[in-house]
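# Observations on chain architecture
Okay, here's what each chain looks like letter by letter:
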Amino acid sequence: VDDGEGFTSVGLVPLRYLAATRAAFQAAAQAFARCFAEQLHPFGRYSGDKVHSHNDAEFLVRTFPGLRLVYLVRDIRDVLVSSYTFEQKQLTAWQGASFEQRCTHLARFLDRMAELLRDHDHLLVRYEELVADPRAQFTAVLRGLELEMCPAVEDWLALEAEKLFRSHGTSAEP
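All of the points below concern the structure found in this document. Computed from a predicted model, the values in this text were never measured in an experiment.

## So, the nonpolar core
One finds Leu123, Val125, Tyr127, Leu130, Val131, Val141, Leu145, Leu157, Ala161 and Phe165 forming the largest nonpolar core, which totals 10 residues. Top element by residues in this core is helix α5 (residues 127-132). It accounts for three residues. Counting nine residues, the second largest nonpolar core, distinct from the first, contains Ala57, Tyr71, Met113 and Leu116.

## Comments concerning the environment of Cys103
With respect to the helices, strands and loops of the structure, Cys103 is situated in helix α4 (residues 99-118). Note: C-alpha distance between Cys103 and Val79 (24 residues apart in sequence) is 9.9 Å.

## Let's talk about the packing of aromatic side chains
Taken as a whole and judged by the stated rule, the model has one aromatic pair. Arg74 extends its terminal NZ or CZ atom over the ring of Tyr127, reaching a point 4.6 Å from the ring centre.

## Section: the side chain of Gln137
With respect to the element layout, Gln137 can be found in helix α6 (residues 134-144). Each residue touching Gln137, except ones within four places of it in the same chain, is listed here: Val125, Glu129 and Leu130.

## Some remarks on α4
If you check α4, its first and last C-alpha atoms are 28 Å apart, about what 20 residues at 1.5 Å a residue would give, namely 28 Å. Residues Arg102, His105, Leu106, Phe109, Met113, Leu116 and Leu117 constitute the buried set of α4. The arc enclosing the buried residues of α4, seen along the axis, measures out at 95°, which places them on a common side. Relative to its buried face, α4 has exposed residues pointing more than 90 degrees away, namely Glu100, Asp111 and Arg118.

Here is what the cut-offs are and how they apply
Residues numbered from 1 in each chain as written. Predicted model: local features only at pLDDT ≥ 70, side-chain atom pairs only at ≥ 80, totals over all residues. Heavy atoms only, no water. Core = buried A, V, L, I, M, F, W, Y, C linked by side-chain atoms within 4.5 Å. Buried < 20%, exposed > 50% of the residue type's maximum accessible area, 1.4 Å probe, protein only. Helix = DSSP H or I, 4+ residues; strand = E, 2+ residues; numbered from the N terminus. Phe/Tyr/Trp six-rings, centres within 6.5 Å; stacked < 30°, edge-to-face > 60°. Lys NZ or Arg CZ within 6 Å of the ring centre and 35° of its normal. Contact = heavy atoms within 4.5 Å. Expected span 1.5 Å × (residues − 1). Arc of directions from axis to C-beta.

The values are spatial; any link to function lies outside them.
Quick look at the structure:
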């Protein structure tokens, strides 16, 4: 089954039923997502995800009209290196994908995300800037989301942020 992002997997549903099954699943998933967010109120207005899937981002935008996206971008060289490193730790959709397939997927993802972001309120954060100065970037994101810095975030920034971000090298500082 083609996932719409250049990868295929063994399908559990015969192809002739795929469109109807996909539509039913999306309707159920949207209802579940809305219900889940309502249960988390007031924090249900905020969500985070780390994906390279424009389908997931489009789902969120359709499910939560008015959603403000925080889009974290990373040097594409680092994304590619990370994809190879990560698949050594656990199975991924990219398992065994060639360099060309990964580049094609990322180019398509970036094009689709650019289209999506053009029409939606969003904040753009560069990963390299986040690594270099976590406090300034978190402050900017919180300000953009109209949130205040709480003591728990202050503590995390003081005690844990540098350790976390320094464990991820970048092309600028491997």
